[in-house]
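Each chain, written out:
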Amino acid sequence: MRRPSSGRISFRIALLLAVTALSAATLRSQIASTSETVEINATAPPHPFPHFWEKMFGSGRAILSLRESYRHDLRETKRITGFEYVRFHAIFHDEVGLYDEDTAGKSVYNFSYIDQIYDGLLENNVRPFVELSFMPKKLTSDPNALHPFWYKPNVAPPKDWNKWEQLIEAFARHLVERYGEDEVANWYFEVWNEPNLDFWGGDSKEATYYDLYDHAARAIKRVSARLRIGGPATAQAAWVDRFLAHCKEKNVPVDFVSSHVYGNDKAEDVFGTHENISRNELVCRAVKKVHQQIAASAYPRMPLIWTEYNAAYNNQPQVTDSAYMGPFLANTIRECDGLTEIMSYWTFSDVFEEQGVVKTPFYGGFGILAERSIPKPAFNDFALLHRLGDTRLDVSSDSALVTRRKDGSLAIAVWNLSLPEEAGSTKTLTLHFNGLPQARSARVSIVDDEHGSPLPVYKQLGAPQSPTPAQIAQLRKAAALPAAQPRAIDDGTLTLRLQPRALALVEITQ
């Protein structure tokens, strides 16, 4: 995650205002409307469409994975997506208990919690995307270099670079001995998190990060050449071109590159310009920037893994808790297709403590599941998008993804995208099919402000800060994905009326 949020006076008030604004926007949208016709050639040749957006999710720090609430949410996310990897911070934090030194200053390792953490992931059929962070207090060069996150990770360079390298080698060697080289070769190892921000205390940041990376990469490869190592894990799409140039010049191992961006990052920070770039567009513009840097580098085929993204880096209930996330996700998938191997949504669960203990269920947390495993609209959005096919048919629309499944059926995502702060307008989408048999019919599933969202019921309940068990059950029921509705296709045409911030999945079977 990026930075701790500030200025949050009352999550409850913010949520009430957000829900009220969305309700008012829905009323206003009944007057305003737009329309679009999408021409779909059902027999057009498709191209591969790997589900890069659902292979990995971020999560709260390492130690939280020992909680049953975390593992429950992991299983729920696995149930509705193609979830393969999870990435979290702070596997080296002292609360995990890995690193110590004896009275003579010799390194001492304890893998007890490490084993429980990774055993738990693998038992639930999810592999770790291992972020090598943060600095153990016995190894840090500055005990006071604490990040402001609630759990206060140490972000200083090591006091002894050799001991850092030995730690990485001992850690990786233990994993290979425990899980086998064939298994761990399927994992990824990423050095640190956002070293260009306040997660890294080196002076200068970039040069000292390269030292950190170089020692870690060589240690990993000493254990096995098959283990995959990469970085620079920067915020705001930074450093990648220079990082690859460094690896080439110094002959340092690198198997993938990674970076992060959020929809409300500033253009000045990401592109060095003074443009006003919408959060609807910024994420994939940043991904494209890095994709092009890789293509122009000495490693033009280097895999790009986008290890963090979301529509906001701070807590905004009207964004991450709302139905806005469906159109945002679908449009991001449309624009980023072909630019990156994996995009890791931050995060799958609000079992999360970067700003402290969760104070209320809907505070703009990053998870697709709120506290007490209450699904947000984003949970249902991921469930719908999972049902897209693995090949894509091109269409001339910025509001549609047309895909074909292995059985020949079509799965089409369509949406009505407007910014969270805008009222938006109702959108009439007419899908006109060529190449479909006349007798076809469709099934349509929709998530919007009032369907597949717990927020209207939460408002009706008075936005309780601590919902009772009965209220939690009510909220979970209200959040359930509505059943797909049958719709006739008349003369090759299907017309849908979408409210602002609606995502619809149209399924047409053989």
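Above this note sits the structure.
Residues numbered from 1 in each chain as written. Predicted model: local features only at pLDDT ≥ 70, side-chain atom pairs only at ≥ 80, totals over all residues. Heavy atoms only, no water.

Notes on the environment of threonine 347
And step 1. Here threonine 347 is to be found in the loop between β12 (342-345) and β13 (369-370).
And step 2. Counting along the chain gives 38 residues from threonine 347 to tyrosine 309, while the straight-line C-alpha distance between them is 8.8 Å.
And step 3. Those residues in contact with threonine 347 that sit more than four places away from it in its chain are Phe57, Gly58, Ser59, Asn310, Phe352, Phe366, Gly367 and Ile368.
And step 4. At 3.0 Å, the side chain of threonine 347 forms a polar contact with the backbone oxygen of serine 349. (Helix = DSSP H or I, 4+ residues; strand = E, 2+ residues; numbered from the N terminus. Contact = heavy atoms within 4.5 Å. Polar contact = N/O pair within 3.5 Å; in protein donor to acceptor, adjacent residues only side chain to side chain.)

Some words on the sheet that holds strand β8 (residues 188-191)
And step 1. Taken in spatial order, the eight strands close into a barrel running β3-β4-β7-β8-β9-β10-β11-β12, and their pairing is parallel. Strand-to-strand, the axes of this sheet are offset by a mean angle of 25°, without reference to chain direction.
And step 2. Pairing between strand β10 (residues 256-262) and strand β11 (residues 304-310): six bridges, direction parallel. Bridge pairing in β11 places valine 261 opposite tyrosine 309.
And step 3. Taken strand by strand, helix α3 (residues 112-123) contacts β4 (85-88) and β7 (127-132), and its axis lies near 145° from that of β7. (Pairing = 2+ DSSP bridges. Axes fitted to C-alpha atoms, helices over the stretch in contact; angles between N-to-C directions.)

Here's the deal with the state of the cysteines
Disulfides are covalent bonds that link the sulfur atoms of two cysteine residues.
And step 1. Applying the stated criterion across every chain, the model contains one disulfide.
And step 2. A disulfide bridge connects cysteine 284 with cysteine 336, and the sulfur atoms are separated by 1.9 Å. One disulfide, between cysteine 284 and cysteine 336, carries an S-S torsion of -115° and so falls in the left-handed class. Residue cysteine 284 is found in helix α9 (residues 279-295), and its partner cysteine 336 is found in helix α11 (residues 325-336); the two are separated by 52 residues along the sequence. Across the pair, exposure class does not vary: cysteine 284 and cysteine 336 are buried alike. (Disulfide = S-S within 2.5 Å. Buried < 20%, exposed > 50% of the residue type's maximum accessible area, 1.4 Å probe, protein only.)

Observations regarding unusual backbone geometry
Generally, phi is negative for residues other than glycine and the peptide bonds are trans, each holding for most cases.
And step 1. For the bond from serine 133 to phenylalanine 134, the omega torsion is -15°, close enough to zero to count as cis.
And step 2. As for its position among the elements, phenylalanine 134 is in the loop between β7 and α4 (161-179).
And step 3. Residue serine 204 follows aspartate 203 across a cis peptide bond; omega there is -5°.
And step 4. For serine 204, the position within the fold is in the loop between β8 and α6 (205-223).

Some details on the packing of α9 against α11
And step 1. Axis separation between α9 and α11 bottoms out at 9 Å; the angle between their running directions is 30°. One element, α9, and the other, α11, form an angle in the roughly parallel class. Between α9 and α11 lies a crossing of right-handed hand. Facing α9, whose interface residues are Arg279, Asn280, Glu281, Val283, Cys284 and Val287, α11 presents Phe328, Asn331, Thr332, Glu335 and Cys336. (Parallel < 35°, antiparallel > 145°, perpendicular 65-115°, else oblique. Left-handed = near helix turned anticlockwise from the far one by under 90°.)

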